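Residues per chain are reported as follows:
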Amino acid sequence: MKCWDPRIEEMPKEELQQMQYRLLKSLVYRLYSFSPFYHDRMKEQNVHPDDIRTLPDVKKLPFMFKRDLRDNYPDKIFTATKDDLVRYHVSSGTTGKPTVVGYTQNDLDNWTASLARALTSLGLGRGDVIQVSYGYGLFTGGLGLHYGAERIGATVLPTSVGNTERQIELMQDLGATAIACTPSYLLHIGEVAEKMGVDIQKDTKLRTGILGAEPWTERMRIRMEKWLGIKAYDIYGTSELSGPMFTECTEQKGFHVWSDIALVEIIDPKSGEQVDSGEKGELTMTILQKEALPMIRFRIGDITTVNEEVCACGRTHPRVDRIQGRVDDMLIIRGINVFPSQVEFALMTIPEVGQHFQIVVDRKGALDDMLVRVELNKESFSDKITDLMLVRQKIEHKVRNSLNVNATVELVEPGSLPRYEGKSKRVVDRRSL
Ligand code: DLL
């Protein structure tokens, strides 16, 4: 099946935009009338629902930030009654209070429909066995993918995270054709399989990876596809939007954001203005149909670009490019902006480098100092000091050329850096300790 819902997925752009306008208008009226939080925000911004006369008028509306959810912990800005809530998810913030997201039945139905369209666009459907190796529970990854996969008639293997050897046995025994997990967990699964003597390409039916919840690069995709014999697709979402919601299609050219679900803007994080079409900035979304926890112009903090062109697959909805980093994970090393994903991209061009690295930032005197610990792959890890020195120089040179900063590179033994079952943590910033 090509599309899950062709009427919507291939709807002409103009019609989509008219639909978005209708949805936005009714959302704004509803919130102005019934949500004290949004009412006050709109008043502060001096904007009334009658001021929203076209879709671009969205820019008159106030922004919303993650801190608004924390400040209103746990459910002060929910717009559904407790009786209408059917689920909570809770995201464990690294600082301060967690954020709680509530869902009505319609919210869950829209979330699942979004994933049903997305998974169908990867060519998945009845007959597929989808191993869901995202965490089940308060995190949205496991349950989100679970219901999406069931909706398209695939068979779910709900392994959740951990117990990796058993995951691999079940993958073989039950013939998993797709796996949904973080890219770092799939790397770990691949390594453990090798140790067990299982060749994922030959000994399993795995053909598709549905990988996200953390940044990863195009270079990493190329490596994983070759190594594991799969097609690796990017999946994106945040708990505030509902959870994982959007994936690339088989064209692998950015994830489709369904226009009836979300209105996308790219904002200059400093000025708060929309950037020019195709420019890089902070992803901002208005979720058009949410009942329990509506989101107007939610500043997600992820840096990317948006592409409005109709996709070669025929879907008319905008595509958002791979996330390049977060506004808040940008490191400033001696005044130069560095995203961990740029380091990954540079490292993955070097054949001797394995899949794992760690960035340690420190301050020596007044100066920032960046150390990159790099695992070499097994074949390149040699006993000869001269060989290792050459590889080290090559990596330092590459990092300097691509990022414009000097980094010290430390080569470490294959298998010695931490492995992750969920989201990875590749940066240790000692300057803030
Ligand atoms: O990570 C939801 C999710 C689950 C997405 C499973 C994909 C798969 P949160 O824990 O709220 O929700 O974290 C959201 O993770 O703002 C991004 O910074 C990052 N992120 C998620 N997907 C990607 C991706 C889930 N494909 C935050 N590429 C987001 C880069 C991603 N970063």
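In this numbering scheme, every chain counts its residues from 1 along its sequence in written order. Under the rules for a predicted model, residues below a pLDDT of 70 receive no local features and side-chain atom pairs below 80 are neither given nor counted, while totals for whole chains, interfaces and linings still include all residues. Side-chain numbers come from the whole structure's heavy atoms, not from hydrogens or water.

Before going further, it helps to spend a moment on the nonpolar core. Within this scheme, the nonpolar core is defined by two criteria: the residues are buried Ala, Val, Leu, Ile, Met, Phe, Trp, Tyr or Cys, and they are joined through side-chain atoms within 4.5 Å. Per-residue accessibility, obtained with a 1.4 Å probe over protein chains only, is compared with the maximum for each type, and a residue is labelled buried under 20%, exposed over 50%, and partly exposed between these values. In this structure, Ile 210, Phe 246 and Met 285 are the most contacted members of the largest nonpolar core, which totals 72 residues. We call two residues in contact whenever any of their non-hydrogen atoms come within 4.5 Å of each other. Contact partners of Phe 246, with chain neighbours within four places excluded, come to Ser 114, Asp 234, Ile 235, Tyr 236, Leu 241, Phe 255, His 256, Val 257, Trp 258, Ile 261, Ala 262 and Met 285.

All right, on to the site of the ligand then. As a structural note, the neighbourhood of the ligand is formed by 20 residues, with Asp 234, Ile 235, Ser 239, Asp 302 and Lys 423 the closest of them. Within the contact set of the ligand, a nitrogen atom lies 3.2 Å away from a backbone nitrogen or oxygen of Glu 214. Any pair of nitrogen or oxygen atoms within 3.5 Å is treated as a polar contact; in protein, a donor-acceptor pairing is required on top of that, and neighbouring residues in sequence qualify only through side-chain atoms on both sides. Contacts to the ligand include Pro 215, whose backbone N or O atom sits 3.5 Å from a nitrogen atom. Contact with the protein chains hides 92% of the accessible area of the ligand, taken as 610 Å² for the molecule alone. Those elements that place two or more of their residues in the shell around the ligand are helix H6 (140–151), strand E7 (231–238) and strand E12 (295–304). A total of five residues in the shell around the ligand trace back to one element, the largest contributor, which is E7. When grouped by side-chain class, the residues that make up the shell around the ligand number nine nonpolar, six polar and five charged. Residues are labelled near a given molecule or strand when at least one of their non-hydrogen atoms is within 4 Å of it. Surface accessibility in these figures is a Shrake-Rupley result with a 1.4 Å probe; residues are shielded only by whichever protein chains are displayed. Only DSSP runs of H or I covering at least 4 residues are called helices, and only runs of E covering at least 2 are called strands; the numbering of each starts at the N terminus. Polarity classes work like this: nonpolar for Ala, Val, Leu, Ile, Met, Phe, Trp, Tyr, Cys and Pro, charged for Asp, Glu, Lys and Arg, and polar for all others, with Gly in that last group.

This next bit is on the sheet that holds E12. Ordered in space as E10-E11-E12-E15, the four strands form an open sheet in which the pairing is antiparallel. Among the strands making up the open sheet, the edge pair consists of strand E10 (262–267) and strand E15 (325–326). Pairing of strand E11 (residues 281–287) with E12 involves five bridges; the strand directions are antiparallel. Looking at the pairing, Gly 281 lines up with Thr 304 of E12. Any two strands between which DSSP finds at least two bridges are classified as paired.

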